[in-house]
Each structure stands twice: as C-alpha cells, then as structure tokens.
Amino acid sequence: MKRYDLIVVGAGPAGLSAAIEAARQGLKVVVFDENERPGGQLFKQIHKFFGSKEHRAKIRGFRIGEQLLKEAEDAGIEVKLGATVAGMYLDKEIVVKLGEELVHYKGDAVIVATGAAENMITFPGWTLPGVIGAGAAQTMMNLHGVKPGDKILMLGTGNVGLVVSYQLIQSGCEVVALVDAAPAVGGYGVHAAKLARMGVPFYLGHTIKEAEGTECVTGVEIAQVDHKFNFIPGTEKHFDVDTICLAVGLSPMAQLLKMAGCAMEENPAKGGQVPVCDETGQTSVPGIFVAGDVSGIEEASSAMIEGRIAGLAAAGYLGYAEAITVKMGREVLLGQLESLRDGMFAPGRKGKPVEKTQEGIAISENLLKHGFVSDEEILRYPGVTRRVGVHPVMECTQNIPCNPCQDACPKGCIAIGDRITALPAVVDDAACVGCGMCVAACSGQAIFLVNEDVGGGFAEVTLPYELLPLPEVGDAGVALGRGGQEVCTAQVTAVKTTKAFDQTALLTIRVPADKAMTARFYKSGKGAERSAEA
C-alpha cells in the first residue's frame, strides 16, 4: 500500500488548486482522476471568466487549466489519470482502479473534489439519439472538435445553457430557441443578451412536450406551462431540429463521501445531497476535506478558491503549516470567495426575485422575459452615456462579480469601485482614446465603443466579435439590435485583432447616426460562421 501525505480525488479546478496549495506547504501530494486528461471542466470552457484579477478574470477557462497544470508540475505533484477511485474507507484508505488492477493507497488527509454530474429530465422521446446534456455537447465541440448537430434547441437558461448555446453558434450550429419552464432567464443577463442580439429567441414559461423521431431526433414540440408546470392546451410550438440539449442543473457527485461515513445533508440550494462541512471544507470525518461542486454547485472561480482553502487547511491539519499561516491565508481566500458570492446571483439568493440593483435601479423586465434589455430600459444604467467623440457604452445591468473593464482601461474611463458587483460607470473627466481594451476584456461582451458623429450623418460602433470568418474592411451587411432585429445597413470600417484581445476581435461598423445607440451586432451575408477559438 502506497502512502501519501495528501490524496486528492479529482483533477478539475478545485482538485488541482487544492493540490498546488498543499504542495506549496511541503506536502507529498497525489491526484487521481478517471479522465485521460487533467483539468476537469476547464478545458471545455473557452469563454472568459468573470471576477477580478485574483479570480483569473478575463482569462479563458482552458488557459486557466494550462496555468494550473504548469503550477502542479512545478510543485512536483503526482497526477495519475485514467484512475477511477472505486472506494474510500475508514482511516482515509482508498481503492483505485488503474487499468485492470485495483490498487490500495493511504492518505494522512484526503480532499475530495469529484465535481458534479449533469441532471436529466424525461419526456416522450427523451431516449432518442440526439437528446444530450449541454456538458456533453461542450465536450464534443471544445475537446473533440465535433459538431453536436446542425439545428439545436436548448432547454435551460442558466449560465450553462446560455454559455453552451453561444459556443454552439461559434461551432457553426444553429440554435433555434432557448426554452425554460421558469418564468425568467436564470443565468447572467450579459450571456442572454449576446444570444438575443444574434437573433436567438427565448421561450420562458415553456418546456418540452415531446421529442419527435423514430431512430433519432427530427423535431421537438414545446408548450407553455402554468404556475404548476402543467401544459396549457393550444400553446404548442414545433421546431425542426436534429439535437436537443438539456441544461437542467447539476448534482454533486458525493458517493465517496457517503462511503467514508461523512455526515450528509439534503440542500436543494447547493444542488442536492452534500457533505456537512465547515468553512475550510473539512467534513465530519477529521482529515477528509471537500472542495468545488461536490460541496455545492457554484462557478469554477469559486471552486478554485475553495480548493486553495482546503489545501491550506489540510496542511494545517497535518502540521505542515503553522496555525497563524493557515488562519491568515484562509481569511484572504474567504474574502475573495465572498466577493464572488456577492450580488444578485449569490447562492443565498437562489430562487428569490430581485427587483432592483444594489444601486436602486429597477431590473429590466424585458431582459428576464426575452433575454435582452429594451432600448428604453438601457438608458437607466450608469454605464450607458451619450457624449461627443468616441466613448464606452457599458450595457452591464446586473450586479455580478466582475471588474476587468475597470483595470483594462489605460485612461481610467471606467469606474466600478471596491465592490466588484457594482455596475460600471463612465468617469466624467476621463478621455477615451478608443483603444478597445475594455471591449475585449469584458467577459460578458457587454461593452461597446460608440462615436455618435463621424460626419456625413453617420456614427461608428465598435463591438466584440468571436465568429469566423471575420468580416473584412469594406464589407456591407446589416446591423442587428439588442433583440436581434435588423435596424439598418452597416459597413465594416475596421477589424482589430491583437494578442492582448485574446481572440476577441473588435469589429467597427458605420451606421446612420440615429442608430448609434441601437446597433449592437453585425450580420454579414457570407453564410456559415464558426468559432474564432475553434
């Protein structure tokens, strides 16, 4: 039986972060993961992360994964892949299936970071080929370069459903609709808005009635539901699709913790049955810690911080780190974690309606019901201003933990303040130079540069663009509004791509001056487009 100071189960963002933090304190660490590639969900996440510098904001998930793997290698951490942990028993002993062999390992401490599994729902036809989880679609696209389908309906408007829908479009798929039985969009408004301006319709208060087809999916029928989630006759709608993606939540994978005798609790706010643990992640069994989605469903940024907290706590538990070091480190990390858990999407607010932002501004009803802020509503927000010359217009309308735009602007034109969930505001006495760093840095693609008068009755709008092929200077197309409707003709006047923009192109279009505050996407006539990150 091989022995380690610390065994980590799971090589995702939480597990790797935990292993790195523990190894830095001097522990001999091994990480087991059943997959053939470490990094967990990170290598499927091609979008830019939210948060602040401490949370690796504005960095794409797969790049964060690369950073963690390099840090783990530098720390001398042993990572065993294709290693399925089949059991965890008393005294922190585990059994691992390596190939055809079962091997016993013993840890003085164990951190379980097994993550979560996708939920599924049933409906007539749900077992047909072509009905898949959103995470499976993401794996096909971003890990294997395979299109999940051509015409796709997404069920679920949480962040997973919204982010994967956008990535489906990047891969060349057509997303025919986003559907959710809930009466309001569940994920970040900025994610919904970038889909809405591309013309994807939202059907809230609807769900799938039936998947059509005999050997595979050929269509789907949805219908509106009442407050008891019963179908309302006469509201059926049909879509020709070959794929149905389900983004209906996640459940913690806590089986090993039950096996080890850890106390469990049923907590719907955390995704189901989770281990009872303290703020360091230590369970009811001394020396067994948890981190990431196995202890409650949250974003990957939170999982990484929880991993670091657990790794530091394990070092303290085993006597490798002094109590004062553990205490001070934990306080800093808990502060970072609390900042991510602030705002209207905080875990404690799940299921609770929010009527106003923390600044006292009424929430956009149109955003919640249709996926985009109306032209009238957008003027409420402090980031939306009109002035002479080029200036940023920040259509960030919800209190989410994110502030890269503030750091990105070299001229200090954007202010958020110390509380990273505050809405961004334009600084009155700062002069924008039109560099576009804020546009590229915005993880929600919610910032635009606008010059309302470039002469001749025209304006220019610079917007983020992440599709291929990129339009070319001189191309003529159509400008789309926030709801995906055609608002005017548009001509491409500039296309900027630099390493600093990290694969987000800045596309500048010329439009009639009276459309400067409504033109928010460019549609060319060149046909199929695919991801700029493929």
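This is a predicted model, so every value here is computed, not measured.

## Some thoughts on the overall build of the chain
The helix and strand inventory of the chain stands at eleven helices and 30 strands. For 534 residues, the compact-globule estimate of 2.2 N^0.38 gives 24 Å, and the C-alpha radius of gyration of the chain, at 24 Å, lies within 12% of that figure. If you line up the chain on its principal axes, its C-alpha atoms span 80 × 60 × 40 Å. The buried share of the chain, taken over its 534 residues, is 55%. Long-range contacts, defined as pairs at least 24 residues apart, comprise 63% of the intrachain contacts of the chain with a sequence gap of at least 6. Counting 49 positive and 62 negative side-chain charges, the chain places the centres of these two groups 3 Å from one another.

## Here's the deal with the packing of aromatic side chains
On inspection of all chains with the given rule, the structure shows seven aromatic pairs. A ring pair is formed by Tyr 188 and Phe 345, whose centres lie 4.9 Å apart and whose planes are at 70°; its orientation type is edge-to-face. In this pair, Tyr 188 is assigned in the loop between strand S10 (174-180) and helix H5 (189-196) and Phe 345 in the loop between helix H8 (323-340) and helix H9 (365-370), connecting sequence segments 157 residues apart. Here Phe 345 falls in the partly exposed class, since its relative accessible area comes to 27%. Ring centres of Tyr 465 and Phe 521 lie 5.8 Å apart, and the angle between their planes is 20°; on these two criteria the pair is classed as stacked.

## Some words on the packing of helix H3 (residues 134-142) against helix H4 (residues 159-170)
It is at 10 Å that the axes of H3 and H4 come closest, and there the two elements cross at 30°. In this view, H3 runs roughly parallel relative to H4, as classed from their interaxial angle. Of the two possible hands of crossing, H3 and H4 adopt the one that is left-handed. Facing H3, whose interface residues are Ala 134, Ala 137, Gln 138, Met 141 and Asn 142, H4 presents Val 160, Val 163, Val 164, Gln 167 and Leu 168.

## Things to note about unusual backbone geometry
Going from Leu 468 to Pro 469, the amide bond is cis rather than trans, its omega being 0°. Inspection of the secondary structure puts Pro 469 in the loop between strand S25 (467-468) and strand S26 (476-480). Positive phi, normally seen in glycine, also occurs at Asp 502, with a value near 50°. Within the secondary structure layout, Asp 502 lies in the loop between strand S27 (486-496) and strand S28 (505-512). Residue classification places Asp 502 among the buried positions, given a relative accessible area of 13%. One non-glycine residue, Gln 503, lies in the positive phi region at around 70°. You can see Gln 503 is positioned in the loop between S27 and S28. Overall, the relative accessible area of 32% leaves Gln 503 in the partly exposed class.

## Quick notes on H4
Under the 1.5 Å per step criterion, the end-to-end length of H4 is 17 Å for twelve residues, consistent within 8% with the ideal 16 Å. Among the twelve residues of H4, eleven are classified as buried, and the element is accordingly described as predominantly covered. Those residues of H4 lying buried are Asn 159, Gly 161, Leu 162, Val 163, Val 164, Ser 165, Tyr 166, Gln 167, Leu 168, Ile 169 and Gln 170. Once H4 ends, the next one or two residues include Gly 172, with phi positive near 105°.

## Thoughts on the nonpolar core
Ranked by size, the top nonpolar core spans 54 residues in total, and within it Met 154, Leu 168, Leu 195, Phe 202, Ala 479, Ile 509 and Val 511 carry the most contacts. Top element by residues in this core is H4. It accounts for five residues. With near-sequence residues (within four places) excluded, Ile 509 lies in contact with Ala 459, Glu 460, Val 461, Leu 463, Ala 479, Ala 490, Gln 491, Val 492, Thr 493 and Tyr 522. Ile 20, Leu 68, Ala 72 and Ala 310 belong to the second-largest nonpolar core, a separate cluster that totals 34 residues.

## Overview of the environment of Ala 425
By the element assignment, Ala 425 lies in strand S22 (residues 425-426). Separated by 41 residues in the primary sequence, Ala 425 and Val 384 place their C-alpha atoms 7.8 Å from one another. Ignoring any residue separated from it by four or fewer positions in sequence, one finds Ala 425 in contact with Pro 382, Gly 383, Met 394, Cys 413, Ile 414 and Ala 415.

## Describing the pairing of strand S23 (residues 447-455)
The side chains of a regular strand alternate, residue by residue, between the two faces of the sheet. The pairing of strand S20 (residues 391-394) with S23 spans four bridges and is classified as antiparallel. The residue of S23 that forms the bridge with Val 393 is Phe 448. Relative to strand S24 (residues 458-465), S23 is paired through four bridges, and the arrangement is antiparallel. Looking at S24, one finds that Asn 451 is bridged to Glu 460. Taking the residues between adjacent antiparallel strands as the criterion, S23 and S24 are bridged by two residues, where Gly 456 takes a positive phi near 70°.

## Here we look at the side chain of Thr 504
As for its position among the elements, Thr 504 is in the loop between S27 and S28. What makes Thr 504 buried here is its relative accessible area of 3%. For Thr 504, the side chain forms a polar contact with the side chain of Lys 48, separated by 3.0 Å.

## Thoughts on the environment of Ala 362
The residue Ala 362 is located in the loop between H8 and H9 in this model. Taking the C-alpha atoms as reference points, Ala 362 and Glu 377, separated by 15 residues in sequence, lie 9.0 Å from one another.

## Digging into the sheet that holds S28
Here we have seven strands laid out as an open sheet, ordered S20-S23-S24-S28-S27-S26-S29, and antiparallel in their pairing. The open sheet terminates on both sides in strands that have one partner only, identified here as S20 and strand S29 (521-523). Going from strand to strand, the sheet's axes swing by 40° on average, the running direction of each strand aside.

## Some words on the pattern of salt bridges
Applying the stated criterion across every chain, the model contains 24 salt bridges. For Glu 298, the salt bridge is made with Arg 341, and the minimal N-O distance between the two is 2.7 Å. With Glu 298 in the loop between strand S19 (288-290) and helix H7 (300-317) and Arg 341 in the loop between H8 and H9, this pair connects stretches of sequence that are 43 residues apart. On the basis of relative accessible area, Glu 298 is assigned to the partly exposed category, the value being 21%. For the salt bridge of Glu 338 with Arg 341, the shortest nitrogen-to-oxygen distance reads 3.9 Å. Via salt bridges that share partners, Arg 60, Arg 63, Glu 466 and Asp 502 belong to a single interconnected network.

## Side note on the confidence of the model for the chain
Summarising the model, the chain shows a mean pLDDT of 94, and 98% of its residues fall at 70 or more. Note that pLDDT drops below 50 for residues 527-534; the model gives that stretch 30 contacts with residues more than four away or on any other chain.

Conventions and cut-offs
Residues numbered from 1 in each chain as written. Predicted model: local features only at pLDDT ≥ 70, side-chain atom pairs only at ≥ 80, totals over all residues. Heavy atoms only, no water. Helix = DSSP H or I, 4+ residues; strand = E, 2+ residues; numbered from the N terminus. Rg over C-alpha atoms; globule rule 2.2 N^0.38 Å. Buried < 20%, exposed > 50% of the residue type's maximum accessible area, 1.4 Å probe, protein only. Contact = heavy atoms within 4.5 Å. Lys, Arg positive; Asp, Glu negative; His and termini not counted. Charge placed at Lys NZ, Arg CZ, Asp CG, Glu CD. Phe/Tyr/Trp six-rings, centres within 6.5 Å; stacked < 30°, edge-to-face > 60°. Axes fitted to C-alpha atoms, helices over the stretch in contact; angles between N-to-C directions. Parallel < 35°, antiparallel > 145°, perpendicular 65-115°, else oblique. Left-handed = near helix turned anticlockwise from the far one by under 90°. Expected span 1.5 Å × (residues − 1). Core = buried A, V, L, I, M, F, W, Y, C linked by side-chain atoms within 4.5 Å. Pairing = 2+ DSSP bridges. Polar contact = N/O pair within 3.5 Å; in protein donor to acceptor, adjacent residues only side chain to side chain. Salt bridge = Lys/Arg side-chain N within 4 Å of Asp/Glu carboxyl O. pLDDT = per-residue confidence, 0-100.

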